[in-house]
Amino acid sequence: MMRWTCTLLFVVACSAPPPAADLGDLYTRAAQHHGPERNPVIVIPGILGSRLVAGDQVVWGAFGGGSADPKKPADARLLALPMNDPNAEDGVRVDGALDRVRLNVLGLPVQLSAYAQILQTLGAGGYRDQQLAQAGAVDYGDDHFTCFQFAYDWRRDNIENARRLHEFIVEKKAFVTKELEKRYGKLDKEVRFDIVAHSMGGLVTRYYMRYGTAEPGGPITWAGTQHVERAFLVGTPNAGSAAAVHQLVRGTQLAPILPKYPPALLGTYPSIYQLMPRTRHGSTVAGDERVDVFDPQVWIDRGWGLADPNESGTLEKLLPDVSAEERRTRALAHQRWCLERAKAFHAALDVKAAPPPNASLYLFAGDAVQTPAVFDAEARDFTTYAPGDGTVTRSSALMDERIGRAWMPMLESPITWRQVVFLFRDHIGLTKDAQFADNVLYLLLEAPR
């Protein structure tokens, strides 16, 4: 009886939720220290993570009924990128990061945290977000020069967004330099940033650190590390996501109360092609054969995305002033450009190279949720799942080159990770995890560099 009682007590104790760290108690003293040696932080959201507007019209980011509706021709043209030149200005501009998402469900307002949790975590560390301060959401006085949100047009080419990140960094660097001079009399302080990037934001960060503003195809210069010291990537699909192929082939509906975004509309976004998994990893198959999803002829032969004959109605909305033949010609040319651009982007990121000694890459990834891993081209659906965060597999986050090859015990990756932390949460939940908060604050505030 005594043994049974002790065992029961042991089981009950083990099933209790683990205690959470008191971040305030742990980091208050470090957070209150605003010396010039502390790097300011840039937060970079993932795909869908920035609000887009065109004049007074919300294109993306107002989910209570105010966003552009892809079923309406004029709204569909706002949501799509131009197919004659995907880098052309289209009248849509970025209007801040979606740190909070407001939905309207059955007439009731519902607010969900998007990236607010990252900002709250950084706030506990004394990093004051400039966007929230300027919007009047938080009263920091004049103490808001240590944290910035980089909002960007997530539809566009990630190489283009890496250039926009550089412009953003140059602007904020000048601002921080003036603040350091005013507050501490520092005239020659070299300002470098730490970056906390979620999902696709981590790909923009990695490209920028490796190549700066250069086009792919050249040597790795690590030009971005002149301005970035440490990057903390959270749930980044470094080897892509099978979900990207699924969305480009079948479209997507993000929630039951939101409209469906058809394949041809999503097919105008270069960024989604750049989220596709590598062919060599066997993430898209037809029977026992790997499918090269970067071959434009595959998309034509299988009638996928912009090449789907059933998408003629969407193409008519996007290109109403040209013939059906011209629409298809433009659509196929755009699809080819996006696929070639994605292939070049991946080739640039996949070269094995260690960052210089004064720069580091950290990874926070999920590995407790079954995640789509293989897309079957015949069934046009997922057939295989693997550990991950529900969106990004563990192997993709690591950029594990053992996938699709003979197994070996040690990780083989083109990325030199300074540290990897695995969390038992889903894709957005990673940013809300108590262990993520504790670890990222330690690394930012206390870890020796």
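All figures in this text were calculated on a predicted structure; none of them were measured in a lab.

A. Structural view of the packing of helix H7 (residues 200-211) against helix H13 (residues 324-350). At a minimum axis separation of 10 Å, H7 and H13 run at an interaxial angle of 65 degrees. Here H7 runs over H13; the crossing is left-handed. Mapping the contact onto sequence places Leu 203, Arg 206, Tyr 207, Arg 210 and Tyr 211 in H7 and Phe 345, Ala 348, Leu 349 and Asp 350 in H13. Split into classes, the residues belonging to the contact of H7 with H13 amount to six nonpolar, no polar and three charged.

B. Looking closely at unusual backbone geometry. With phi around 75 degrees, Leu 48 is a residue other than glycine that occupies positive phi space. Looking at where Leu 48 falls in the secondary structure, it is placed in the loop between strand E1 (41-44) and strand E2 (50-54). On the basis of relative accessible area, Leu 48 is assigned to the partly exposed category, the value being 28%. Phi is positive for Met 399, close to 60 degrees, though the residue is something other than glycine. Looking at where Met 399 falls in the secondary structure, it is placed in the loop between helix H14 (394-398) and strand E15 (419-423). Taking the relative accessible area as the measure of exposure, Met 399 reaches 0% and is therefore buried.

C. Inspection of the packing of helix H6 (residues 158-184) against H7 at higher detail. H7 packs onto H6 with a crossing angle of 75 degrees between their chain directions and a minimal axis gap of 9 Å. On the basis of the axis angle, H6 is roughly perpendicular to H7. Where H6 abuts H7, its residues Asn 158, Ile 159, Asn 161, Ala 162, Leu 165, His 166 and Ile 169 lie against Met 200, Val 204, Tyr 207 and Tyr 208. When grouped by side-chain class, the residues that make up the contact of H6 with H7 number eight nonpolar, three polar and no charged.

D. Focus on the sheet that holds E15. Strands sit in the order E7-E1-E8-E9-E12-E15 across an open sheet of six strands; the sheet is parallel. Of all the strands in the sheet, the pair left with one neighbour each is strand E7 (147-149) and E15. The average undirected angle you get between the axes of adjacent strands in this sheet is 15 degrees. Relative to strand E9 (residues 228-234), strand E8 (residues 193-198) is paired through six bridges, and the arrangement is parallel. Paired with Val 196 across the strands is Phe 232, a residue of E9.

E. Representation of helix H15 (residues 434-445) in the model. The terminal C-alpha atoms of H15 lie 16 Å apart, and with twelve residues this matches the ideal 16 Å at 1.5 Å per residue to within 8%. Listing the buried residues of H15 in full gives Phe 436, Ala 437, Val 440, Leu 441, Leu 443, Leu 444 and Leu 445.

F. How the structure looks around helix H2 (residues 23-31). Buried within H2 we find Leu 23, Tyr 27 and Ala 31. An end-on view of H2 places all buried positions within 55 degrees of arc, on one side of the element. Facing away from the buried side of H2 by more than 90 degrees, the exposed set consists of Asp 25 and Arg 29.

G. Focus on the sheet that holds strand E14 (residues 381-388). If you walk across this open sheet you meet the four strands as E11-E10-E13-E14, and the pairing is mixed. One side of each edge strand has no neighbouring strand; the edge strands of this open sheet are strand E11 (289-290) and E14. The pairing of strand E10 (residues 284-286) with strand E13 (residues 369-376) spans two bridges and is parallel. Bridged to Thr 284 within E13 is Phe 375.

Rules of the game
- Residues numbered from 1 in each chain as written.
- Predicted model: local features only at pLDDT ≥ 70, side-chain atom pairs only at ≥ 80, totals over all residues.
- Heavy atoms only, no water.
- Axes fitted to C-alpha atoms, helices over the stretch in contact; angles between N-to-C directions.
- Helix = DSSP H or I, 4+ residues; strand = E, 2+ residues; numbered from the N terminus.
- Left-handed = near helix turned anticlockwise from the far one by under 90°.
- Contact = heavy atoms within 4.5 Å.
- Nonpolar A, V, L, I, M, F, W, Y, C, P; charged D, E, K, R; others polar.
- Buried < 20%, exposed > 50% of the residue type's maximum accessible area, 1.4 Å probe, protein only.
- Parallel < 35°, antiparallel > 145°, perpendicular 65-115°, else oblique.
- Pairing = 2+ DSSP bridges.
- Expected span 1.5 Å × (residues − 1).
- Arc of directions from axis to C-beta.

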